[in-house]
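Spelled out, the chains give:
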Amino acid sequence: GQNIDQPTEMTATEGAIVQINCTYQTSGFNGLFWYQQHAGEAPTFLSYNVLDGLEEKGRFSSFLSRSKGYSYLLLKELQMKDSASYLCAASYGGATNKLIFGTGTLLAVQP
Amino acid sequence: EAGVAQSPRYKIIEKRQSVAFWCNPISGHATLYWYQQILGQGPKLLIQFQNNGVVDDSQLPKDRFSAERLKGVDSTLKIQPAKLEDSAVYLCASSLDPSSWPQHFGDGTRLSIL
């Protein structure tokens, strides 16, 4: 199978930095997505990495190492509204772009 | 640009009953996906359409689940008969084509089976 592993829960303090790690199986891998999902809402797209390295987008950055099957999402200057589940999803299957999601990391930002 | 529309938002039924969900993708998006998200888990792909044809339904429990996209635009997902383990949020997503990203998600239908 194509298992995606990420921590179940994390807690961080407002204004701090938090890193959410994700590992995936490399066979047939296309690219790596991060989505944010607030309770009762749709997943919303945060980032997409297909090449090795760091992609920065405002307070959020995402890193990919294809050889290691590893990615992380970095959230800076945490705000209370960042409390949500963060879903790591790997794309497989060539042109069909099948997404396999992890179970999500529930991030709680505390004052 | 209007997002992916889904209805109903919530549905409560008893086991062995049937239920249907509706999805209208973003205009012009040829690819449509149905996902099942059980509480505490990530979304799991049930079926993927390209226009009105099925691309992948390998994880669709075909003895009870069916889906169609007859005119290549909106889609319905049906469960008949429902089981307790079908309690989940059913998410619809769309993209321009299978290789384009990201997939845009609707708010989902929360299904509770009593």
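The residue numbers shown here count from 1 along each chain, following its written sequence. The order in which chains are written sets their letters, starting at A; the order in which ligands are written sets their numbers, starting at 1. The predicted nature of this model means local features are confined to residues of pLDDT at least 70 and side-chain atom pairs, given and counted, to a pLDDT of 80 or more, with totals for whole chains, interfaces and linings taken over all residues. Water and hydrogen atoms play no part in the side-chain values, which are based on all heavy atoms of the structure.

Engineer: How should I be thinking about the overall build of chain B in this particular structure?
Structural biologist: Elements are defined by DSSP. Helices are runs of H or I of four residues or more, strands are runs of E of two residues or more, and each kind is numbered from the N terminus. For chain B, the count of helices and strands is zero helices and eleven strands. Starting at the N terminus and ending at the C terminus, chain B contains elements arranged as β-β-β-β-β-β-β-β-β-β-β. Taken over C-alpha atoms, the radius of gyration is set against a globule rule of 2.2 Å times the number of residues to the power 0.38. Since a compact globule built from 114 residues should have a radius of gyration of about 13 Å, the 13 Å found for chain B is in line with a globular shape. Dimensions along the principal axes, computed over C-alpha positions, put chain B at roughly 40 × 25 × 25 Å. Burial classes: relative accessible area under 20% of the type maximum marks a residue as buried, over 50% as exposed, and values in between as partly exposed (1.4 Å probe, protein chains only). When each of the 114 residues of chain B is scored for burial, the buried share is 46%. Contact criterion: two residues are considered in contact whenever any of their non-hydrogen atoms come within 4.5 Å of each other. The contacts of chain B with a sequence gap of at least 6 include a subset with a gap of at least 24, amounting to 54%. Computed with the Shrake-Rupley method and a 1.4 Å probe, the accessible areas treat only the protein chains shown as cover for residues. Here chain B has roughly 5600 Å² of accessible surface; of this, 50% comes from carbon and sulfur atoms. Positive: Lys, Arg. Negative: Asp, Glu. His and the chain ends are not part of the count. Where a charge sits is defined by one atom per residue type, namely NZ (Lys), CZ (Arg), CG (Asp) or CD (Glu). Counting 12 positive and 11 negative side-chain charges, chain B places the averaged centre of each group 7 Å from the other.

Engineer: What's the story with unusual backbone geometry in this structure? I'm lost.
Structural biologist: Most peptide bonds adopt trans geometry, and most residues besides glycine take a negative phi value. Residue and element names in this part refer to chain B. Note the cis peptide between S7 and P8, where omega equals -10°. For P8, the position within the fold is in the loop between strand 1 (5–7) and strand 2 (10–13). A cis geometry characterises the amide bond from Q80 onward to P81, with omega recorded as -5°. Structurally, the position occupied by P81 is in the loop between strand 8 (75–79) and strand 9 (88–95). You will see that R16, though not glycine, has its phi angle at about 80°, which is positive. For R16, a relative accessible area of 64% corresponds to the exposed category. Within the chain, N51 stands out as a residue other than glycine whose phi angle is a positive 55°. Mapped onto the fold, N51 is located in the loop between strand 5 (44–50) and strand 6 (53–56). On the basis of relative accessibility, which here comes to 38%, the residue N51 falls in the partly exposed class.

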